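Residue-level listing of the chains:
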Amino acid sequence: MQGTKVVRPFPFFRAGARASQPQLSKPILVLEDVYKFFRPDQPTLRGVNLLVDRGEFVFITGPSGAGKSTLLKLVYRELTVDEGRVLFCGRDIGRLTDGSVPFLRRNLGIVFQDFRIIDHWTVFENVAVALEILSIPQRLIRSRVAEALERVGLAGRGPEQTSNLSGGEKQRVAIARAIVPEPALILADEPTGNLDPHLAIDILTLFEEINATGTTVLFATHDHSLISKRDHRLVAIDEGRVVEAQKGLKHWPGSGIHTLVG
Amino acid sequence: MDVKSAMTRARRGLREERRLYVVAVTSLAVAFLCLGATLLGVTNLDAAATRWGHSGRITLFLKDDADPQDIAQLRVVLEGLGDVSEVTHVTPEQARASFLEEADVGADLGSLPSEVFPASLEVTLVNGVTRERSESIASRLGQFRAVSDVESYRGWFEKLDHLLWGARMLAAGLALLVVFCVVAVIGNTIRLAVARRRQEIEVMKLCGATNGFVRGPFVLEGMFQGFASALLAVLALLAGYLALHEPVDSTLAALTGSRIVFLSAWTMLALLLGGALIGAIGSALSVRRYLSV
Ligand SMILES: Nc1ncnc2c1ncn2[C@@H]1O[C@H](COP(=O)(O)OP(=O)(O)O)[C@@H](O)[C@H]1O
Ligand SMILES: [Mg+2]
């Protein structure tokens, strides 16, 4: 909207800026009493409260249509809250101007179920796009893309055409694109939804490796088998509210999420 | 906005949408060609008007029974005028001969009586005499006793002026039409290109691209199309000119003593830059409308 005149709301949102010490001790993401209505009578999210600390790995679960994607969209400002606040690094996302949204997103890495890879671009081009928007010099882009591809297990495959890749490989390319700008927070919306179970575990492991380097990960999935294999913090969305599940719950009883509470 | 990155992406866009863009550029080149041809007409009419306007001339038709002494006196007066560069006496026989030679019609005309071709004095004025001045000279000369009639070609000049005015209006109207065409065609082409690149645009927006970053290449692509159309039209016009100007010149030179000229460098520059500018405006408008995020 503003064209060349860019609005940079907070220094932290600027590309390449690093959080100062006091910010590091604060939670990276806070949802305060968040409501989202698609129909006036029935809110999809009703009074959601959530606090995510820096460096956490959080599963967000709930049946299809529970509002997992909606919650993530509120964080990357695809949607805005109707009531309540979403704070990223202490800043109210809902109050950002449209011109500032790109600068919020530069601090986020987003991965989807459908990969969102450009088929007629090479692997390199698909990953490099996340750095090109930051006007980083080409030489630096090349080395950082190579590094990111190595981290996702696609070392040296930059020149390949993306259309020839398998589903699992495409998702790895998407993950490389998400991590290459070194975002503070990764939002993964059912990233394993289109993959075979063994590939799903591989991708989950990849996210865990990324998390181990200090990046916070929100991993939305309704795949119980995946959740049950791991020990991460589990947040379930149930009838528009979030319910914290206990840590260490490895066995998923029955079909309903409700049975979790207790 | 990073211009270099926008250019790289615009080049990729031009390569990927080449078929779409070739169609747009070709049809716009035709529009530019019409405008260019009209401008060429205006340029030549203008050149002719300037040339004839500068080399003003007056014809004094002499009475059949004019006294040779009066005619000689008239010549002396004329040659004394500062505005006159040359005076030629044309006898009826010469007038008849040159008419038959130029007219190149049937033999019947050869039997025309000599009264049809009166004797005359052809007065050539020096360069730079205004039309008003030549009018006043003509009216004063008409009062001489030996003169039956004066022709200052005023009506002819007025006709030329009208023609020139009409051609200029036509060019202005066509220019307006071309602007409209370019904006509409490029706007539509860019709209299609935006639709076809929807996925890439979405990815870029999710990675944190600003609107300017996303829109930049489209504006450059529109600019290039406008420029390419104008260039194509100018080149086609130049080719036509080079192929035709010799035969046309030889005919024209025999009739009017003038040669045809091509568009001035400024006109060509204006066409090319105008094409680029309108192309950029057309795509910017389209992109603003169809790429609001
Ligand atoms: N843009 C939208 N317009 C209307 N309803 C929507 C929209 N997005 C989501 N919803 C509704 O909100 C609910 C939650 O959707 P979603 O967040 O996609 O669920 P999940 O990702 O958990 O499967 C669903 O009932 C869905 O129909
Ligand atoms: Mg979903």
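Criteria and cut-off values
Residues numbered from 1 in each chain as written. Chains lettered and ligands numbered in written order. Predicted model: local features only at pLDDT ≥ 70, side-chain atom pairs only at ≥ 80, totals over all residues. Heavy atoms only, no water. pLDDT = per-residue confidence, 0-100. Helix = DSSP H or I, 4+ residues; strand = E, 2+ residues; numbered from the N terminus. Salt bridge = Lys/Arg side-chain N within 4 Å of Asp/Glu carboxyl O. Buried < 20%, exposed > 50% of the residue type's maximum accessible area, 1.4 Å probe, protein only. Near = heavy atom within 4 Å. Polar contact = N/O pair within 3.5 Å; in protein donor to acceptor, adjacent residues only side chain to side chain. Phe/Tyr/Trp six-rings, centres within 6.5 Å; stacked < 30°, edge-to-face > 60°. Lys NZ or Arg CZ within 6 Å of the ring centre and 35° of its normal. Axes fitted to C-alpha atoms, helices over the stretch in contact; angles between N-to-C directions. Parallel < 35°, antiparallel > 145°, perpendicular 65-115°, else oblique. Left-handed = near helix turned anticlockwise from the far one by under 90°. Contact = heavy atoms within 4.5 Å. Nonpolar A, V, L, I, M, F, W, Y, C, P; charged D, E, K, R; others polar. Pairing = 2+ DSSP bridges. Right-handed = clockwise from strand over helix to strand, strands pointing away.

Novice: Explain the confidence of the model for chain B to me, please; I cannot follow it from the model alone.
Specialist: Close reading of the predicted structure is inappropriate where its pLDDT is low. Overall, the prediction assigns chain B a mean pLDDT of 84, with 90% of residues at 70 or greater. Mean pLDDT in chain B bottoms out at helix α4 (residues 92–103) of chain B, which sits at 73, and peaks at helix α7 (residues 198–207) of chain B, which reaches 94.

Novice: Even after reading the chapter, I still don't get the pattern of salt bridges, so can you show me in this structure?
Specialist: Residues and elements named next belong to chain A. The final tally for this structure, using the stated rule, is 20 salt bridges over all chains. Between R77 and D98 there is a salt bridge whose closest N-O contact spans 3.2 Å. Taken as a pair, R77 in the loop between α2 (68–75) and β4 (83–88) and D98 in the loop between β5 (91–92) and α3 (101–105) lie far apart in primary sequence, 21 residues in all. Given the relative accessible area of 11%, R77 is considered buried. D119 is paired through a salt bridge with K170; the nearest N and O atoms lie 3.6 Å apart.

Novice: I'm lost on the site of ligand 1 in this one. Help?
Specialist: Residues and elements named next belong to chain A. Surveying the vicinity of ligand 1 reveals the residues F38, T44, P63, S64, G65, A66, G67, K68, S69 and T70. Here an oxygen atom of ligand 1 and a backbone polar atom of G67 are 2.9 Å apart. K68 places a main-chain nitrogen or oxygen 2.8 Å from an oxygen atom of ligand 1. Element by element, the count of residues in the shell around ligand 1 is highest for α2, at three residues.

Novice: What should I look at first to understand the packing of aromatic side chains in this one?
Specialist: Per the stated rule, a full pass over the model turns up seven aromatic pairs over all chains. Geometrically, the ring pair formed by Y35 of chain A and F37 of chain A is stacked, given 6.1 Å between the ring centres and 15° between the ring planes. In this structure Y35 of chain A comes out as partly exposed when scored by relative accessible area, which is 25%. Assessed through its relative accessible area of 27%, F37 of chain A is described here as partly exposed. Arranged with centres 5.5 Å apart and planes meeting at 90°, the rings of F59 of chain A and F219 of chain A form a pair that is edge-to-face. Residue F59 of chain A is located in strand β3 (residues 57–61), and its partner F219 of chain A is located in strand β8 (residues 216–220); the two are separated by 160 residues in the primary sequence. With respect to burial, F59 of chain A and F219 of chain A carry one shared label: buried. Note that R9 of chain B overlies the ring of F213 of chain B, its terminal NZ or CZ placed 3.5 Å from the centroid. Its end group placed over the ring of W121 of chain A, R12 of chain B keeps NZ or CZ at 4.3 Å from the ring centre.

Novice: Explain the packing of helix α4 (residues 123–132) of chain A against helix α5 (residues 138–151) of chain A to me, please; I cannot follow it from the model alone.
Specialist: Working note: a packed helix pair is described by the angle between its axes plus the distance between those axes. Residue and element names in this part refer to chain A. Direction vectors running N to C along α4 and α5 enclose 120°, while the axes themselves pass 9 Å from each other. On the basis of their axis angle, the class for α4 and α5 is oblique. Judged by the twist between their axes, the crossing of α4 over α5 is right-handed. Each of V123, F124, V127, A128, L131 and E132 in α4 lies in contact with α5, whose residues at this interface are Q138, I141, R142, R144, V145 and L149. Grouping the constituent residues of the contact of α4 with α5 by class yields eight nonpolar, one polar and three charged.

Novice: Help me out: how do you make sense of the pairing of strand β7 (residues 185–189) of chain A in this one?
Specialist: Residues and elements named next belong to chain A. Here β7 lies mainly inside the structure; five of its five residues are buried. Of the two faces of β7, the one holding L185, L187 and D189 and the one holding I186 and A188 are both buried throughout. Pairing geometry for strand β6 (residues 108–112) and β7, over five bridges, is parallel. Note that in β7 the partner of V111 across the bridge is A188. Relative to β8, β7 runs parallel, the two being bridged by five bridges. Opposite L185, over in β8, you have T216 as the bridge partner. As a crossover connection, the stretch from β7 through helix α7 (residues 197–212) into β8 is right-handed.

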